[in-house]
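Each chain, letter by letter, is given below.
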Amino acid sequence: MSQGYQDDAPTAEQLAASIETESINKQRRYFLIGATAAIGAVGIGGAAVPFVASWAPSAKARALGAPVTIDISKLQPGEMLGPTPAWRGQPIFVVSRTPAMLEVLEEPNPDLADPDSENLEQQPDYARNPFRSRRAEIGVYVGLCTHLGCSPKYYSEVRPEPFDANWKGGFFCPCHGSRFDLSGRVVKAVPAPDNLPVPPYRFISDSVVVIGQDEETA
Ligand code: FES
């Protein structure tokens, strides 16, 4: 028995060969595990790139949100410039008001729905005045009706119009008849619920205005 046991026992050479084989197998397993992890990492990295790319705003989106510079040097009193190049996809109206127009805007008008610009969403603080503007003679508005987004028309003359016998100048929306005065304030009992929005803006000279940028957003 004892002899048989001794016969079955591995020799020193066999033991060494066995240990070496086990070591090689271990190395292969580590290699395979490492290779699999590396391939997985590459796969995850490859999949992550499109997500990262999609988080970054596109050049087009950045351009759409970028400030727009407008030269108003050729704008004559009483005229409107616009629609100008769009800001954030919205047309911008720039009007130059005469002293007579400013007088009309300063008169109390019981027909207006929000004469004192109490809806703070519709303009920055510096446009909370009868002219809804930084400079009384220059008005800057988003040219979209606050009802369903048509573009209102500019009717500057103080005279009876088919849509208003007592028209004092302003904007008329042809889609459903909403009316706004010369500072974009909506009249009562029309479909549009709010005054025309005033975008953030600032003057960088007497004749150049930047839309979409002011002291807060610069
Ligand atoms: S969209 Fe202007 S009144 Fe309806």
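## Let's talk about the overall build of the protein chain
Here comes step 1: Within the protein chain, the secondary structure is distributed over four helices and nine strands.
Here comes step 2: The order of α-helices and β-strands along the protein chain, N terminus first, is α-α-α-β-β-β-α-β-β-β-β-β-β.
Here comes step 3: When contacts within the protein chain are restricted to residue pairs at least 6 apart in sequence, those whose partners lie at least 24 apart make up 54%.

## With respect to the sheet that holds strand β1 (residues 68-71)
Here comes step 1: Within the open sheet, the three strands sit side by side as β1-β9-β8. Their pairing is antiparallel. The sheet is open, and its two edges are formed by β1 and β8 (201-205), each paired on a single side. When strand polarity is set aside, the average angle formed by the axes of neighbouring strands in this sheet is 25°.
Here comes step 2: Note: β8 against strand β9 (residues 208-211), four bridges, orientation antiparallel. What sits directly across from Phe-203, in β9, is Val-209.

## Remarks on the pairing of strand β3 (residues 92-96)
Here comes step 1: With four of its five residues buried, β3 lies for the most part within the structure.
Here comes step 2: Bridging between strand β2 (residues 80-81) and β3 involves two bridges; their strand directions are antiparallel. Across the sheet, Met-80 pairs through a bridge with Val-95, a residue of β3.
Here comes step 3: Across five bridges, the pairing between β3 and strand β4 (residues 138-142) is antiparallel. Among the inter-strand pairings, Ile-92 is bridged to a residue of β4, identified as Val-142.

## Digging into the pairing of β4
In regular strands, side chains alternate between the two faces of the sheet.
Here comes step 1: Counting buried residues along β4, five of its five residues qualify, which places the element largely inside the surrounding structure.
Here comes step 2: Of the two faces of β4, the one lined by Ile-138, Val-140 and Val-142 and the one lined by Gly-139 and Tyr-141 are each fully buried.

## Some remarks on the sheet that holds β4
Here comes step 1: Spatially, β2-β3-β4 is the arrangement adopted by the three strands of the open sheet, whose pairing is antiparallel. Edge positions in the sheet fall to β2 and β4, since each of these pairs with one other strand and no more.

## Overview of unusual backbone geometry
Here comes step 1: The phi torsion at Arg-88 lies on the positive side, around 55°, for a residue other than glycine.
Here comes step 2: Classification of Arg-88 by C-beta neighbours within 10 Å gives partly exposed; the count is 14.
Here comes step 3: With a phi angle near 50°, Arg-132 is a residue other than glycine that sits in the positive phi range.
Here comes step 4: With respect to the helices, strands and loops of the structure, Arg-132 is situated in the loop between α4 (99-106) and β4.

## Quick word on the nonpolar core
Nonpolar side chains tend toward joint burial in soluble globular proteins.
Here comes step 1: Within the largest apolar cluster, 28 residues are counted, with the highest numbers of intra-cluster contacts made by Ile-92, Phe-93, Val-94, Val-140, Tyr-141, Val-209 and Ile-211.
Here comes step 2: Ignoring sequence-local partners within four residues, the contact set of Tyr-141 consists of Phe-93, Gly-184, Leu-196, Pro-197 and Val-198.

## So, the confidence of the model for the protein chain
Here comes step 1: A residue-level look at the protein chain finds 70% of positions with pLDDT of 70 or above and a mean pLDDT of 81.
Here comes step 2: Predicted confidence is poor over residues 1-7, with pLDDT under 50, and the contacts of this stretch with residues over four places away or in other chains come to zero contacts.
Here comes step 3: Under a pLDDT of 50 for its full length, residues 23-55 has, in the predicted model, zero contacts with residues more than four places off or in other chains.

## Some thoughts on the environment of Ala-127
Here comes step 1: Following the sequence through the fold, Ala-127 ends up in the loop between α4 and β4.
Here comes step 2: Residue class for Ala-127 comes out buried when judged on the 23 C-beta atoms lying within 10 Å of it.
Here comes step 3: Residues Ala-127 and Gly-139, spaced twelve residues apart in sequence, show a C-alpha to C-alpha distance of 9.3 Å.
Here comes step 4: The contacts of Ala-127, once residues within four sequence positions are left out, are Ser-117, Arg-132, Ser-133, Arg-134 and Val-198.

## Considerations on the environment of Pro-197
Here comes step 1: Locating Pro-197 in the fold gives a position in the loop between β7 (179-180) and β8.
Here comes step 2: With 19 C-beta atoms packed within 10 Å, Pro-197 lands in the partly exposed category.

What counts and how
Residues numbered from 1 in each chain as written. Predicted model: local features only at pLDDT ≥ 70, side-chain atom pairs only at ≥ 80, totals over all residues. Helix = DSSP H or I, 4+ residues; strand = E, 2+ residues; numbered from the N terminus. Contact = placed C-beta atoms within 7 Å. Pairing = 2+ DSSP bridges. Axes fitted to C-alpha atoms, helices over the stretch in contact; angles between N-to-C directions. Buried ≥ 20, exposed ≤ 12 C-beta atoms within 10 Å, placed from the backbone. Core = buried A, V, L, I, M, F, W, Y, C linked by C-beta atoms within 7 Å. pLDDT = per-residue confidence, 0-100.

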